[in-house]
Structure formats: C-alpha cells, structure tokens
Amino acid sequence: MDQRSWSTQGARGQTGHPPSTKNHQPWQRGFRSLVFSLTLGSLTPALLPTAPAQAQLNEYCRLNPQAIAQKDQLRAAAIQGNPTAQTQYQNLLQQHNDQLQRCRQTNWPRHQAMWLRIYPCDTKAGMIERILDDIVNKGYDHLYLEVFADSQALLPKNQNNTPWPSRIQTPGLENRDVMAEIIAKGRARGLKVYAWMFGMNYGYVYGSRGDRQSAMARNGYGETSLEFVQDGAQAFADPYNVIAQADYKNLINQMLQRQPDGILFDYIRYPRGTGARSVAATVADLWIYSPASAQALYNRAENRQGLSLIEKYLRQGKITVGDVAAVLAQYPEEDTPRWQGRAVAENFLEAGKALDVSSLHRQLEQDLWLLTVSHAAQGVVDFVNAAAAEAQTRGIPSGAVFFPGGNQPVGQRGFDSRLQAWDQFPGSMEWHPMSYAVCGSTSCIMDEINRVRQFAPAGTEIIPALAGDWDRARDNRPSLKDQMAAIQANFPDITQVSHFAYSWQEPQFDNDRKFCRV
C-alpha cells in the first residue's frame, strides 16, 4: 500500500508520525470551510482421494491442514491434466466456497480482505490457483488486487493504451489478461475481488516523460516529488492538470472494464518528507506551483485586489504591508481583497479608508495561508471524487485508502505535508484507514480507528487496514489476531477488516515469486 515495503521489514514505509495534535480539530482551521520454477509433482489417479473429505474451519474460518493438503494434491494433478482430479478439484472449490460463506456470516468479522501484489512469475501454470487457494484457506472472502502501482498497470500489453507499461512483459503473454483471470478465479472460490490502484502517485515512468512534465505536482522550490522524496518510486501528479486527469480516467476505465467487485484508490495525497519537511509550514512547501494548480488558485480570486495579492503571495512566499497598500491604491473602487472562502465582517468594511493597513496585512497573510492550504487539499478531494464517479457510473463500489494522521495540523501553523483531507471524502465511498500505528500494544491502533470514526459521516463503511503477522507480534506490533480482537471489543459495529499484506504472511513464498525467472 502507500509508501509500501513489500518485504517483512515494515508496512508501507511508515517510519514515523507527526507530533501530537490532540488539542486540535483537524482541518477546521483550513480547508474545511472552503517463483521460481513451479514443480507440481506427478500424481496418478490411484493416489487421488475418491471423494473430497468434509473440511473443518476454525473460529477464524481457516481450513485445517488435512483439507489444505487434499486441495493442494488435487490442484497439482488437475493442472497436469488429470480429468478425475479436475472434477474433484472443482467440486472441492465449491464446497470450500460454501463453507467459507457460511463461516463468515456466523463469525466476526463478517468480511475479511487480503492485499495482494502479482508478479510476472505468477503467470506460471497453476500459480494463480495456488495463491488464491491459499488466501481462501486462510479464511479470506475479499481480495484487494493491486492493478496499478510503481508505474505499472496489470493490463495485457496488447490492450494497454495508457501512458503506463504493463506489469506482465513476458514474451508470448502479450494478450494474457491476468486481472480478468484473477477476478474470475477468485469469484469461483468465493472471493470478491477489488481492483486496488495507486492514485496521485503516477510513478517514475510517468514522472520522467518529457511530455508530462507540466502534469507533475511542484512545490515552491521547483521540485517534483522525485527530487523531494528521492526513492525513485514517488512521482505525484498535479490533480488540477487536465492531462493528468484524462490519463487517470482512461486508466480507471480500463480497470473497470474487467468488472471487479470494487475499486480502491490509494496514494490519494501529496508526498511526505522526512524531518522538518514532513510538515507544510509555508506556502513554498505546498504542491501548488505547477501551471494548472497555480491557475486554479488564481481563479479563486473574486476581485482584482484579491488576485493581485494571491499572485504576490505565491511568487514571494509572503506579502508585505507595502504590497497591501499598493494593491488598495491600485484598485480604489474595490472595498477589500476577496477570494473564495474569505469571510469579511460588515464592521470591517465600515472602517473603510481609515483601516489600519498593518492590521489588514496580518489578517490577509493568515487568510492567504489558509487559502493556499485549502486549495492544495481541495485538489486531493476533487481527485477522489472524480475517481469515485467513474466507478459509480458502472455501479461498482469504490473506496478510499488513507492514513488516519494524514489530515492533521502540526503546531501553531503547520499541517501534515501529505494534506490528505480524508475527512472531506464522500461517505458514500468505503473508508479504508491504514491503521498501522506502533506502540507495543493495540491502544494506538484503536486510537487511529476511533479518530476516523469521529469524522466519518453517518452510514460510512469503515474497513480498517491492519498490518502484521497473523499469530505473532513483531517489531513492537501486535499480531493480527490481537488487533482484530481489540477492534471487535472496542468497535463491534465494524464488521469488515483487511490485512496488509499477503507478502507479510508468506514472506518466503512472496520473495520466491518476486525474484524468480520466467
């Protein structure tokens, strides 16, 4: 997921959190107002069971080892073309499907999802089946399939008309639709398969294209996120740029044509720096300096005084008393600088020409700071709304993936540099807060979930994303079982959770798949 590490060393690169802001109401001060070689083995019909044995599921809806071994044996023989095994395997899949659905309806959580990345080696015969079987064996009834990340799209090479290369580049597989295949095979096993996509992080390939430089988000230091983060993986687009919008709309529709059961948007934010640069405290820290974003900001002016001061503020990083006096003198027929979201009290206007320019300057600088922060954050909100609308037109559920702390103020003036205004995301979307806090217990994870609940509109479906190992604590992080038990105890109305990620639960298998040679 977001800033992810696909190894077992960390979840999505989250190495720290902004300073505590317990006494602040987030965003009310700002924009709220506005494989390796696969060996299947050789099985003869004599080794096949005459009929599938009834599987036993535990309280977590996980299959017992005997049932798993039987399924593995039948699958291997079926992939080799044994007709008896093929029939028995399909029957067993349906049996396990039925059992899983019954179990999930009678055990908490009602729905449980797994996050999965696919590698080129997964196109080897039987590998997709092996992975999906394992996910079902573990009690999951939802799968969040990564279909766009790190500048790669899970689309057939010969059908990909987007600016991003296809994930599968294996010669001879130019027409293989792995995404559609996983959706179909997942459903046959009782899995609802969601398409999981990066959002504003368009990736290195996109950000390095000469014809897309104007579409990249830039800050006041002339940087794109490639220079700002310097990990080669984060290239954030300007959400106000029409080319970036059109490229992403086309990509979404390519994914939606495969008719997933839902679609999730990740990386719906700006980049986060380290140290002091994890906080946006001046206008130059904001990602609003690309041409489209700057013009959209200017368009928020409601008179010439307002436009002139916005231009000066963006260019200079501040305005002076002299700037204010000059603008007032230049446009004397206008009562006061105006722009979207700026409230002007009547008694302020009555002061007229006698107004203290120094006092006005202080107020205008504060108002301009809130305007620019709000403008940056609104770009994220607009991006989410536009993406969700594409899914809505097809009747496909959508969800937003976000950090619970990505929208909070820091100190007296600053904001978390991600400016992830999730409290402004539509409640009609699923909310997937990445509840990854680490404090040696489940308490900080519960705090993150509770914070999201406080901001969510009534009726919003909150589906916490949890990170960790299934049954053991690691790196000061409780096991997934313990995290889930805490959620059930504290928030019994939450009936869906997800686990990041398959690579965490099966690290050696994931590593083998990742580095194998096709």
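One can find the structure itself at the top, above this paragraph.
Residues numbered from 1 in each chain as written. Predicted model: local features only at pLDDT ≥ 70, side-chain atom pairs only at ≥ 80, totals over all residues. Heavy atoms only, no water.

1. What about the packing of helix α13 (residues 443–455) against helix α14 (residues 480–490)?
The packing of two helices is summarised by the inter-axis angle and the distance between the axes.
Link 1 in the chain: Two elements in contact, α13 and α14, have axes whose closest approach is 10 Å; the angle formed by their N-to-C orientations is 50°. By the angle between their directions, the pair α13 and α14 is classed as oblique. For the pair α13 and α14, the sense of crossing is right-handed. Counted together, Ile 445, Met 446 and Ile 449 of α13 and Gln 483, Ala 486, Ile 487 and Asn 490 of α14 form the full contact between these two elements.
Link 2 in the chain: The class makeup of the residues in the contact of α13 with α14 is five nonpolar, two polar and no charged. (Axes fitted to C-alpha atoms, helices over the stretch in contact; angles between N-to-C directions. Helix = DSSP H or I, 4+ residues; strand = E, 2+ residues; numbered from the N terminus. Parallel < 35°, antiparallel > 145°, perpendicular 65-115°, else oblique. Left-handed = near helix turned anticlockwise from the far one by under 90°. Contact = heavy atoms within 4.5 Å. Nonpolar A, V, L, I, M, F, W, Y, C, P; charged D, E, K, R; others polar.)

2. Structural notes on the pairing of strand β12 (residues 496–500)
Link 1 in the chain: With five of five residues buried, β12 lies mostly within the body of the structure.
Link 2 in the chain: Both faces of β12 are covered, namely the face carrying Gln 496, Ser 498 and Phe 500 and the face carrying Val 497 and His 499.
Link 3 in the chain: Taken together, the four bridges between strand β1 (residues 111–116) and β12 define a ladder with parallel strand orientation. Across the sheet, the residue bridging to Ala 113 is Ser 498, located in β12.
Link 4 in the chain: Pairing geometry for strand β11 (residues 465–467) and β12, over three bridges, is parallel. When the bridges of β12 are listed, Ala 465 appears paired with Ser 498.
Link 5 in the chain: Each parallel crossover has a hand, and for β11 linked through α14 to β12 it is right-handed. (Buried < 20%, exposed > 50% of the residue type's maximum accessible area, 1.4 Å probe, protein only. Pairing = 2+ DSSP bridges. Right-handed = clockwise from strand over helix to strand, strands pointing away.)

3. Remarks on the packing of helix α8 (residues 291–298) against helix α9 (residues 304–316)
Link 1 in the chain: Following both chains from N to C, one finds α8 and α9 inclined at 145°, their axes separated by 9 Å at the closest point. For the pair α8 and α9, contact is made by Ala 294, Leu 297 and Tyr 298 and by Leu 307, Ile 310, Glu 311 and Leu 314, respectively.
Link 2 in the chain: Residue classes in the contact of α8 with α9 are distributed as six nonpolar, no polar and one charged.

4. Some details on the side chain of Arg 104
Link 1 in the chain: Looking at the secondary structure, you find Arg 104 in helix α2 (residues 83–106).
Link 2 in the chain: As a buried residue without a salt bridge, Arg 104 has its nearest oppositely charged side chain in Asp 141, at a separation of 4.9 Å.
Link 3 in the chain: Not counting residues within four places of it along the chain, the set of residues in contact with Arg 104 comprises Tyr 60, Cys 61, Pro 109, Arg 110, His 111, Gln 112, Gly 139 and Asp 141. (Lys, Arg positive; Asp, Glu negative; His and termini not counted. Salt bridge = Lys/Arg side-chain N within 4 Å of Asp/Glu carboxyl O.)

5. Observations concerning the state of the cysteines
Each disulfide consists of one covalent bond between the sulfur atoms belonging to two cysteines.
Link 1 in the chain: With the rule as written, the count across this model stands at three disulfides.
Link 2 in the chain: Paired by a disulfide, Cys 121 and Cys 516 hold their sulfur atoms 1.3 Å apart. Looking along the S-S bond of the Cys 121-Cys 516 disulfide, the torsion reads about -130°, which is the left-handed sense. Taken as a pair, Cys 121 in the loop between β1 and α3 (127–137) and Cys 516 in the segment after α16 (507–515) lie far apart in primary sequence, 395 residues in all.
Link 3 in the chain: Described in terms of the sequence order of its bonded cysteines, the disulfide pattern of the protein is 1-2, 3-6, 4-5. (Disulfide = S-S within 2.5 Å.)

6. Here we look at the sheet that holds strand β6 (residues 279–280)
Link 1 in the chain: The three strands are arranged β6-β9-β8 in an open sheet whose pairing can be described as antiparallel. Among the strands making up the open sheet, the edge pair consists of β6 and β8 (409–410).
Link 2 in the chain: When β6 meets strand β9 (residues 414–416), the two strands line up antiparallel, connected through two bridges. Residue pairing for β9: Ala 280 is matched across the bridge by Phe 415.

7. Re the packing of aromatic side chains
Each aromatic ring pair is described using two quantities: the centre-to-centre distance and the angle formed by the ring planes.
Link 1 in the chain: By the definition in use, this model includes 23 aromatic pairs.
Link 2 in the chain: Aromatic pair Trp 164 and Tyr 202: ring centres 5.3 Å apart, planes at 75°, arrangement edge-to-face. Placement of the pair is Trp 164 in the loop between β3 (152–153) and α4 (178–188) and Tyr 202 in the loop between β4 (192–198) and α5 (204–207), with a sequence separation of 38 residues. Neither Trp 164 nor Tyr 202 differs from the other in exposure class; each is buried.
Link 3 in the chain: Consider the rings of Trp 422 and Phe 455, whose centres lie 5.5 Å apart with planes at 90°: the pair is edge-to-face. Of this pair, Trp 422 sits in the loop between β9 and β10 (430–433) while Phe 455 is found in helix α13, placing the two residues 33 residues apart along the sequence. (Phe/Tyr/Trp six-rings, centres within 6.5 Å; stacked < 30°, edge-to-face > 60°.)

8. Describing unusual backbone geometry
Link 1 in the chain: Trp 108 connects to Pro 109 through a cis peptide bond whose omega is 0°.
Link 2 in the chain: Here Pro 109 is to be found in the loop between α2 and β1.
Link 3 in the chain: In this chain, Phe 500 is followed by Ala 501 through a cis amide linkage whose omega measures 0°.
Link 4 in the chain: Phi is positive for Gln 230, close to 60°, though the residue is something other than glycine.

9. Focus: the environment of Val 381
Link 1 in the chain: If you trace the backbone, Val 381 turns up in helix α12 (residues 357–392).
Link 2 in the chain: Remark: the alpha-carbon pair of Val 381 and Asp 423, spanning 42 residues in sequence, is separated by 9.4 Å.
Link 3 in the chain: Setting aside its immediate chain neighbours within four residues, Val 381 contacts Ala 421, Gln 424 and Phe 425.

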